[in-house]
Amino acid sequence: MKNLIIGTAGHVDHGKSTLINALTGIDTDRLIEEKKRGITIDLGFAYLTLPDGTKAGIVDVPGHEKFIKNMLAGAGGMDIAMFVVAADEGFMPQTIEHLDILSLLNIKQGLVVITKIDLVDNDWIDAVEDDVIEHVKGTFLEGAPILKVSAIKGTGIEELKNTLFDMLDKAEAKNINTSFRLPIDRVFTITGHGTVITGTLIEGTLNLDDVAEIYPSNVRARIRNIQVHGKSVDVAYAGQRVALNLAGLKKEDIDRGNVVAAENSLKESFLLDVKINMLNNTQRQIKNGDSIHFHHGSSVLLAKVVLFNCESISAGENAYAQLRFTEPIATKAKDYFVLRFYSPLETIAGGIIIDPNPTKHRRNDKNIVKSLQIKESGSLKLQVLNELENNKIKLEPTTKMHAKLAITKEQFDAELDALQAEGQVFNFEDYSISKNTVEYYRDLIKNMLEAYHKENPLIKGLKVHDVRLQLFPKLKANIANFIVNLAIYDDSFKVDNNIVALKEHKPNYTPELKKIREEVLNIYLNAKIEAPTVDEIIKDKGKAKLNYQKIISALVNEDVLIPISGDYMLHADVYNNIMEKAKAAW
């Protein structure tokens, strides 16, 4: 069963609400001010009953330029746009801006409705139709049906209904087999019932008593009641207009623009990696560092634009960028958005979210654009590999990485398996490490050992345990060991008795140092458990003290001397003999 949303668009007072009333018998103007002024101010809602008895939701958006923010809150969930042009006025400024917005939001299907045909003659209607055809060239409405109606007299309404029925039948259904997500466009309280929110369920399936999470505040609540088209139901599906009664939440806990979604299904961020597409007809530029109004779903936030590889973008141009916010936002990869100029307010661009949870990038990082290109249009295998390589610093488990790529876990795991078979990825528990990530840490270990050998020429190398602690002080030990062992499994290194060194490194003992080494070994072997402290050994050595300390450090590194307490040590043979006797005694 498909559930789809029809949405209106068009200039103020071109008859959108009257048209919906003629189609459905429902008056979408619910506010007193709307009745008084005769224009739509906020979103209105209705439904169209289809021949099979199912219902398609309708969202009626305001046409006045002052209420573009409200129009944007309703436009994102549309499946079919009903683009309204009044016969007595034709294309007007908000007609053009609404068409731009629908195109930026990647609305793929629609039709044009020329309203108020009872107010003009046929020649004028034909002229308006020609003007419409010219204006929609190059947009998703090019070649779309153009219907001519009078909502007041009922002329053309049945033909419009049948056209909508046909389009709905052919339209692609939304994805119901994923976690539910619903941008909130209304919040209100009903006496005796508590807080109610409404919105378009843009994906997933929502069940009564599900636990929902409000993003970005991360407040959770049980869904106490679900209504679709005014009737209580147990289940709601993507593509339906939904009202939810949330248990235990106050109206003050929720705002329009928040998102209701399955718990732990989204992750809020102050950063978004995006591709910005400038409108062809804008007179404005976006410059690096500009502040801009960002519209996504039903939310609107102020963002700073950080452009990559350019200083500005103008009409018809596009660029990769990072948007930086002062408030958190919860989105998904492949979501669309609209950008409006800071002041005066006007729509100038839109785009697609490429990474909803990125790190903060440097503008001059040459790899950023390449990585974003792969994320945007690379093969699924390349996208998965790219995500793993971008994870080389954070080293997070890959269990939820599929959500960041907006694919299923099954798809993600299949690509991981293929990459592992090609030797591009190494899997261990909940972690997947790319070959390039291993090489990255291999280079770090090489640099670490070069510095260590230079400073400690007598010491055989670093203990693998110490390498792990230096590279990964907070990572789980078994995962860190896995990565270190992958990295040092290479001809550049030699590993002996759990000590790693560069292959060409050899402790550089002069004859004098060799003599000191033999002396120290004899002291510890002969003294057995009554071995002197380090201070006692070196106290009379004068200028040779430092060499004795270096030799003792080297012997500790090689596990020839075993530290017991402070600077008291035992020779390994003595220590092992004591341990064997202790075990035998037990």
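Per-chain numbering applies: the sequence of each chain, read as written, is numbered from 1 onward. With the structure being a predicted model, the display of local features is reserved for residues of pLDDT at least 70 and the display and counting of side-chain atom pairs for 80 or more, all residues being used for whole-chain, interface and lining totals. Side-chain descriptors were evaluated using all non-hydrogen atoms of the structure, hydrogens and water having been removed beforehand.

### Focus: the overall build of the protein
Here's step 1: Strands here mean DSSP runs of E at least two residues long; helices mean DSSP runs of H or I at least four residues long; both are numbered from the N terminus. Scanning the protein from N- to C-terminus turns up 17 helices and 30 strands.
Here's step 2: Principal-axis analysis of the C-alpha atoms gives the protein an extent of 115 × 55 × 40 Å.
Here's step 3: Per-residue accessibility, obtained with a 1.4 Å probe over protein chains only, is compared with the maximum for each type, and a residue is labelled buried under 20%, exposed over 50%, and partly exposed between these values. The burial tally for the protein puts 50% of its 586 residues in the buried class.
Here's step 4: The contact criterion used throughout is that any non-hydrogen atoms of two residues lie within 4.5 Å. Taking as baseline every contact in the protein between residues at least 6 positions apart, the subset at least 24 positions apart corresponds to 68%.
Here's step 5: Calculation of accessible area relied on Shrake-Rupley with a 1.4 Å probe; when residues are assessed, cover is drawn exclusively from the protein chains displayed. In the form shown here, the protein has an accessible surface area of approximately 28,300 Å², with 49% of it arising from carbon and sulfur atoms.
Here's step 6: Only four residue types enter the charge count, namely Lys and Arg as positive and Asp and Glu as negative; His and the chain termini do not. Every charge is mapped onto a representative atom, which is NZ of Lys, CZ of Arg, CG of Asp or CD of Glu. The centroid of the 71 positive side-chain charges in the protein is displaced by 6 Å from the centroid of its 80 negative side-chain charges.

### Thoughts on the sheet that holds strand E28 (residues 499-502)
Here's step 1: Whether two strands pair comes down to DSSP finding at least two bridges between them. Spatially, E26-E28-E27 is the arrangement adopted by the three strands of the open sheet, whose pairing is antiparallel. Of all strands in the sheet, those with a lone pairing partner are strand E26 (462-463) and strand E27 (493-496), marking the two edges.
Here's step 2: Note that E27 and E28 share four bridges and pair antiparallel. In the strand pairing of E28, Val495 is matched with Val500.
Here's step 3: On top of the sheet, helix H11 (residues 435-455) reaches E26, E27 and E28; it is set at about 85° to E28, its chief contact. Helix axes are fitted to C-alpha atoms over the stretch in contact, other axes to C-alpha atoms as well, and angles between N-to-C directions run from 0 to 180 degrees.

### What to know about the packing of aromatic side chains
Here's step 1: Side-chain rings of Phe, Tyr and Trp, where Trp is taken by its six-membered ring, are said to pair if the distance between their centres is within 6.5 Å; with planes under 30 degrees apart they count as stacked, over 60 as edge-to-face, and otherwise as tilted. What the rule picks out here adds up to six aromatic pairs.
Here's step 2: Residues Phe83 and Phe91 carry aromatic rings whose centres are separated by 6.0 Å and whose planes lie at 45° to one another, so their mutual orientation is tilted.
Here's step 3: Judged by its relative accessible area of 0%, Phe83 falls in the buried class.
Here's step 4: Put simply, the rings of Phe294, Phe325 and Phe337 touch in pairs and so form one group of aromatic residues.
Here's step 5: Our definition puts a charge over a ring when NZ of Lys or CZ of Arg is within 6 Å of the ring centre and also within 35 degrees of the ring normal. Directly above the aromatic system of Phe341 lies the positively charged group of Arg284, at a separation of 4.5 Å from the ring centroid.
Here's step 6: The ring of Tyr440 carries Lys392 above its face, with NZ or CZ at 4.5 Å from the centroid.

### With respect to the sheet that holds strand E5 (residues 109-115)
Here's step 1: Taken in spatial order, the six strands make up an open sheet running E2-E3-E1-E4-E5-E6, and their pairing is mixed. Two strands in the sheet have a free side with no partner beyond their single neighbour: strand E2 (44-49) and strand E6 (146-148). Between one strand axis and the next, the sheet turns through 25° on average, direction left out of account.
Here's step 2: Across six bridges, E2 lies against strand E3 (residues 55-60) in antiparallel orientation. Paired with Thr49 across the bridge in E3 is Lys55.
Here's step 3: Taken strand by strand, helix H5 (residues 122-135) contacts strand E4 (80-86), E5 and E6, and its axis lies near 155° from that of E6.

### Some details on the pairing of E28
Consecutive side chains of a regular strand alternate in pointing toward one face of the sheet and then the other.
Here's step 1: Along E28, one buried face is formed by Ile499 and Ala501 and the opposite face, lined by Val500 and Leu502, is buried too.
Here's step 2: Of the pairings in the sheet, the one linking E26 to E28 comprises two bridges and is antiparallel in character. Considered in E28, the bridge of Leu462 is made with Val500.
Here's step 3: In this structure, the hairpin formed by E27 and E28 is closed by a connection of two residues, where Asn497 is found at a positive phi of approximately 50°.

### Some words on a negative patch on the surface
Here's step 1: Taken together, the side chains of Asp121, Asp123, Asp126, Asp130 and Asp131 define an acidic patch exposed on the protein surface.
Here's step 2: Relative accessible area serves as the criterion here: at 52%, Asp130 is assigned to the exposed category. Note on patches: the residues involved have over 30% relative accessible area and no salt bridge, like charges join within 9 Å, and the nonpolar side chains Val, Leu, Ile, Met, Phe, Trp and Tyr join within 5 Å. Each reported salt bridge corresponds to a side-chain nitrogen of Lys or Arg within 4 Å of a carboxyl oxygen of Asp or Glu.

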